[in-house]
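Each chain, written out:
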Amino acid sequence: MPEYLKAEELAALLRVSRKTIYEAVARGEIPGALRVGRLIRFRRDAVLEWLADTG
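Since the structure is predicted, the reported quantities are computational estimates derived from the model, not experimental observations. (Residues numbered from 1 in each chain as written. Predicted model: local features only at pLDDT ≥ 70, side-chain atom pairs only at ≥ 80, totals over all residues. Heavy atoms only, no water.)

K.L.:
Explanation requested: the overall build of the protein in the structure shown.
P.N.:
Within the protein, the regular secondary structure consists of three helices and three strands. Moving toward the C terminus, one meets the helices and strands of the protein in the order β-α-α-β-β-α. Taken against the 2.2 N^0.38 rule, which gives 10 Å for 55 residues, the C-alpha radius of gyration of the protein at 10 Å falls within 12% of a compact globule. Taking as baseline every contact in the protein between residues at least 6 positions apart, the subset at least 24 positions apart corresponds to 40%. Working note: accessible area of the protein is about 4,000 Å², and carbon and sulfur atoms make up 50% of it. Here the protein contributes 10 positive and 8 negative side-chain charges, whose respective centroids are spaced 8 Å apart. (Helix = DSSP H or I, 4+ residues; strand = E, 2+ residues; numbered from the N terminus. Rg over C-alpha atoms; globule rule 2.2 N^0.38 Å. Contact = heavy atoms within 4.5 Å. Areas by Shrake-Rupley, 256 points an atom, 1.4 Å probe, with all protein chains shown as cover. Lys, Arg positive; Asp, Glu negative; His and termini not counted. Charge placed at Lys NZ, Arg CZ, Asp CG, Glu CD.)

K.L.:
How do you make sense of the nonpolar core when you look at a structure like this?
P.N.:
Soluble globular proteins tend to pack their nonpolar side chains together in the buried interior. Counting 11 residues, the largest nonpolar core is built from Leu 5, Ala 7, Leu 10, Ala 11, Ile 21, Ala 24, Val 25, Ile 30, Ile 40, Phe 42 and Val 47. Listing elements by their share of this core, those giving two or more residues are α1 (7-14), α2 (18-26) and β3 (39-43). In this structure, Ala 11 is in contact with Val 16, Ser 17, Arg 18 and Ile 21, ignoring residues within four places of it in sequence. (Core = buried A, V, L, I, M, F, W, Y, C linked by side-chain atoms within 4.5 Å. Buried < 20%, exposed > 50% of the residue type's maximum accessible area, 1.4 Å probe, protein only.)

K.L.:
Whenever I open this one, the pairing of β3 confuses me. Can you help?
P.N.:
A regular strand carries its side chains on alternate faces of the sheet. Burial of β3 is one-sided: the residues Ile 40 and Phe 42 facing one way are buried, the residues Leu 39, Arg 41 and Arg 43 facing the other way are not. Sheet analysis places strand β1 (residues 4-6) next to β3, joined by three bridges and oriented antiparallel. If you follow Lys 6 over to β3, its bridge partner there is Arg 41. Pairing between strand β2 (residues 33-36) and β3: four bridges, direction antiparallel. (Pairing = 2+ DSSP bridges.)

Structure follows, in structure tokens:
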């Protein structure tokens, strides 16, 4: 698994749509989000830790 995930990869991991991912980012619900221009990448470690905490 790469160090940074694309929105599509995170959506597949969480089994939700890309739109749901973008909406959650806008609400500040997903940690480790990094905006690079128009792209959003997610730090894998931060996402996995977040999932473990919410699990």
